[in-house]
Amino acid sequence: MMMTSFQAWLLDAMKIFRCARREQLEWLCHLKFGSTPKQVESDLRQLQFLGRLCREKQLVLLPGQERDGEMLAAIDVMRLLSGDALPEFGGGSPPAKLAFYLEDRRGYLDFKIIPVAPGQERKALLQLESQLSRFVCTCIFAIRREEQIAPLASVPRTYFALPDGNGGYRFLRAEDCGGGAANQG
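As the structure is a prediction and not an experimental result, all values here were calculated from the model.

1. Re the sheet that holds strand 3 (residues 59–61)
- Strand order across the open sheet formed by three strands is 1-3-2, with antiparallel pairing between neighbours. Whereas interior strands pair on both sides, the edge strands pair on one side only; in this sheet they are strand 1 (19–21) and strand 2 (54–56). Between one strand axis and the next, the sheet turns by 25° as a mean value, whatever way the strands run.
- Across three bridges, strand 1 lies against strand 3 in antiparallel orientation.

Below, the structure written as structure tokens:
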């Protein structure tokens, strides 16, 4: 059984994500192809039949992969920032989990989503240090607590995605929380 171009694109996206919720894939397929949830469901079912994907309730996985909460959060953040614009996305270089690009009137805006567990701020900064001199991007640190902002605030063009407790995120800048290079004394 051959795959359609829609299914091939969906599988390519899953090779980057390895783990996604069905509604996240529906959002992307709607932006890319105008697909309905029913059409995406049909494509997912066929890819599962071919052994190319596994499904656990609302979760879609590549075979052999497990649930990845950091990737699910990264896709959510990308969705919130992209809105109705189709992002171009790829795997991020560690510590980034996901990289994506949005086109606007100035060209492409480059984003890197970097999940940081509490206590891992220094490790993330060390991994990111060599990359900052090679590219210009906006770093979105997906953090769990507001106290994590201060140790990460020295990174230029940085925002913080903090879960709001309702399934969404609050987006903060270091300056909004008293952090930032100017306030670190």
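2. Some details on unusual backbone geometry
- Note that the residue after P94, namely P95, is joined by a cis bond; omega there is 15°.
- Note on placement: P95 falls in the loop between strand 4 (88–91) and strand 5 (98–104).
- If you check the backbone angles, R18 has positive phi at about 65° while not being a glycine.
- Along the chain, the position of R18 falls in the loop between helix 1 (5–17) and strand 1.
- Positioned with a positive phi, R157 is a non-glycine residue whose angle comes to about 50°.
- Residue placement: R157 occurs in the loop between helix 6 (149–152) and strand 8 (158–163).
- The class of R157 is partly exposed, set by a relative accessible area of 38%.

3. Some details on the nonpolar core
- Ranked by internal contacts, the top residues of the largest apolar core, which has 32 residues, are F17, L25, L53, M78, F89, L98 and I113.
- Taken together, the elements giving at least two residues each to this core come down to helix 1, helix 2 (22–33), helix 3 (37–49), helix 4 (69–82), strand 5 and strand 6 (107–115).
- Residues contacting M78, with those up to four places away along its chain left out, are F17, W27, P87, F89, L98, F100 and I113.
- A96, I143, F160 and L162 belong to the second-largest nonpolar core, a separate cluster that totals 18 residues.

4. Some remarks on the environment of D76
- With respect to the helices, strands and loops of the structure, D76 is situated in helix 4.
- By relative accessible area, which is 14% here, D76 ends up buried.
- A C-alpha to C-alpha distance of 9.7 Å links D76 and A20, two positions 56 residues apart in sequence.
- D76 has contacts with R21, Q24 and Y169, leaving out every residue within four places of it along the chain.

5. Thoughts on the pattern of salt bridges
- Overall, the coordinates contain 14 salt bridges when judged by the stated rule.
- Here R45 ties to E41 by a salt bridge, and the two come within 3.9 Å at their closest N and O atoms. Of the two residues, R45 and E41 are both situated in helix 3; the distance of four residues between them amounts to about one turn of the helix.
- What makes R45 partly exposed here is its relative accessible area of 46%.
- The partner of D110 in a salt bridge is K112, and the shortest N-O contact between them spans 3.4 Å. An identical accessibility class is assigned to D110 and K112; each is buried.

Here is what the cut-offs are and how they apply
Within each chain, residues carry numbers counting from 1 in the order of the written sequence. Local features are withheld for residues below a pLDDT of 70 in this predicted model, meaning they are given only at 70 or higher, and side-chain atom pairs are given and counted only at 80 or more; totals for whole chains, interfaces and linings count all residues. The basis for every side-chain value is the complete set of non-hydrogen atoms in the structure, without hydrogens or water. By definition, two strands form a pair when at least two bridges between them are found by DSSP. Note on conventions: DSSP H or I runs of at least 4 residues are helices, E runs of at least 2 residues are strands, and numbering of each starts at the N terminus. To get an axis, fit a line to the C-alpha atoms, keeping to the stretch in contact for a helix; angles then go from 0 to 180 degrees between the N-to-C directions. Relative accessibility decides the category of a residue: with a 1.4 Å probe and only protein chains considered, values under 20% of the type maximum give buried, values over 50% give exposed, and everything between is partly exposed. Here, nonpolar core means buried Ala, Val, Leu, Ile, Met, Phe, Trp, Tyr and Cys residues that are tied together by side-chain atoms lying within 4.5 Å of each other. We call two residues in contact when some of their heavy atoms are within 4.5 Å. Here, a salt bridge means any Lys or Arg side-chain nitrogen found within 4 Å of an Asp or Glu carboxyl oxygen.

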